[in-house]
Amino acid sequence: MSGVQTITVEAGEGEQRLDRWLRKRFPNLTQGQIEKMCRKGELRVDGGRVKSNARLEDGQKIRIPPLGAEVEQPAPMAVRTKVSRSDAEMIQAAVLWKDEHIIVLNKPPGLPSQGGSGLGDRHVDGLTEALMFGYKDRPKLVHRLDKDTSGLLLLARTDRVARALSEALRHRNVRKIYWAAVAGVPSPWAGSVKYGLVKMGRRGDEKMHCVHPAAVATTEGAKRAHTDYAVQDQAGQRMAWMALVPITGRTHQLRAHMAEIGHPIIGDGKYGGSAAENAGDGWGAGIGGGVQNKLHLHARTLIIEHPITKAVLTLQAPLPAHMQTTWDYVGWNVNHAPLDPFNMPE
């Protein structure tokens, strides 16, 4: 039997549950054993007690008590699966920029970044074999986007670059600007949302709930969250084109924050419900069928220092088809938006 282990969550492994991360590392470890280690305080994340369903972040230190020889048998080597030609063509067409260190995708909506409960086997991480482009190793995801969110997604070709990009993301040295269409028009037109976020509800429910900033410290599991927003244009009072910057990077942060201030993202049934639908006498009356009931959230702009060359990369991803259809339908022109509306010259 070995002693206590401390394992670091590698780049791209964050945003998954602790128990799932453990079972990938130790396939012979049972859920009951994990729950028992959590109850006894033997399993810790960054020195603190934790529950089995806690979400991990890249770079965190996981303390694992002695497990026994049978449990610690290594996981079998991953089998390289053959990516279909259609999937290979699809994911290669999503490449916006690449060099020998980094690949940047314009992830299509509907494609998960990684596998998980209810997400199936088809995801970006599972298609990286088609993104090797002659290199010996598959590229590694550096961060994630929700399944139905489109836009810029970073991958690293080496562990060194993955660690550097993860550090940049963790220390907020990466500028990420999202575009969204929301129900109604926020007032004021620019501001910040600082509600904390906590996952509450039955197991397997990924929905986040907002917590008043003053109550975050006393709410178990709550984390502080901060989103800046700015209205770019509007369609009467029915709908607004938003630029959103997640100052923190919590699960579903932009979706939960916009719904909390009364302006859910169009097509977001999880957080907006019927208020996010273009139907009946709600916000959509007078907008018409040119607005599809799909999530209108897109990672539009990424500004980052290249971890090797130190050049500043500024990348923009074209809108997905359903969002471009909405923009065309209401007369919004993507060329009229500033690169960064939060950092305008005076």
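- In the annotation of an unreviewed UniProt entry, the chain is listed under the name Pseudouridine synthase and assigned to Ketogulonicigenium robustum.
- If you open the UniProt record of the chain and go to Sequence similarities (unreviewed entry), you find "Belongs to the pseudouridine synthase RluA family."
- If you open the UniProt record of the chain and go to Function (unreviewed entry), you find "Responsible for synthesis of pseudouridine from uracil."

**A look at the side chain of R17**
- Note on placement: R17 falls in the loop between β1 (5-8) and α1 (18-25).
- Accessibility expressed as a relative area gives 5% for R17, which makes it buried.

**Concerning the side chain of D99**
- Checked against the element boundaries, D99 lands in the loop between β5 (95-98) and β6 (102-107).
- We note that D99 is buried and unpaired, the nearest opposite charge coming from R157 at a distance of 5.5 Å.
- A polar side-chain atom of D99 sits 2.7 Å from a polar atom in the side chain of H306.
- The contact partners of D99, leaving out residues within four places of it in the chain, are R157 and H306.

**Here we look at the pairing of strand β15 (residues 297-305)**
- Among the 9 residues in β15, 7 count as buried, and that is most of the element.
- Looking at chain direction, strand β8 (residues 150-156) and β15 are connected through 2 bridges and run parallel. Bridge pairing in β15 links S150 to H298.
- In the sheet, strand β9 (residues 175-183) pairs with β15 via 6 bridges, with the strands oriented antiparallel. Looking across to β15, one finds that W179 is bridged to H298.
- Bridge count for β15 against strand β16 (residues 312-316) is 5 bridges, and the pairing is antiparallel. If you follow I303 over to β16, its bridge partner there is T314.

**Observations regarding the nonpolar core**
- Core analysis: the largest hydrophobic core is formed by 32 residues, its most contacted members being I91, L105, M242, L244 and L297.
- Elements supplying a minimum of two residues to this core: α3 (85-93), β6, β8, β9, β13 (227-235), β14 (239-246), α5 (253-260) and β15.
- Counting only domains with at least three residues in this core, you end up with domain 2 (85-171) and domain 3 (177-330).
- With sequence-adjacent residues up to four places away left out, M242 is seen in contact with Y178, W179, A180, V182, P186, Y229, A230, V231, Q232 and M258.

Reading guide: rules and limits
- Residues numbered from 1 in each chain as written.
- Predicted model: local features only at pLDDT ≥ 70, side-chain atom pairs only at ≥ 80, totals over all residues.
- Heavy atoms only, no water.
- UniProt positions renumbered as here; feature names shortened; annotations may be inferred.
- Helix = DSSP H or I, 4+ residues; strand = E, 2+ residues; numbered from the N terminus.
- Buried < 20%, exposed > 50% of the residue type's maximum accessible area, 1.4 Å probe, protein only.
- Lys, Arg positive; Asp, Glu negative; His and termini not counted.
- Salt bridge = Lys/Arg side-chain N within 4 Å of Asp/Glu carboxyl O.
- Polar contact = N/O pair within 3.5 Å; in protein donor to acceptor, adjacent residues only side chain to side chain.
- Contact = heavy atoms within 4.5 Å.
- Pairing = 2+ DSSP bridges.
- Core = buried A, V, L, I, M, F, W, Y, C linked by side-chain atoms within 4.5 Å.
- Domains from an automatic or database assignment.

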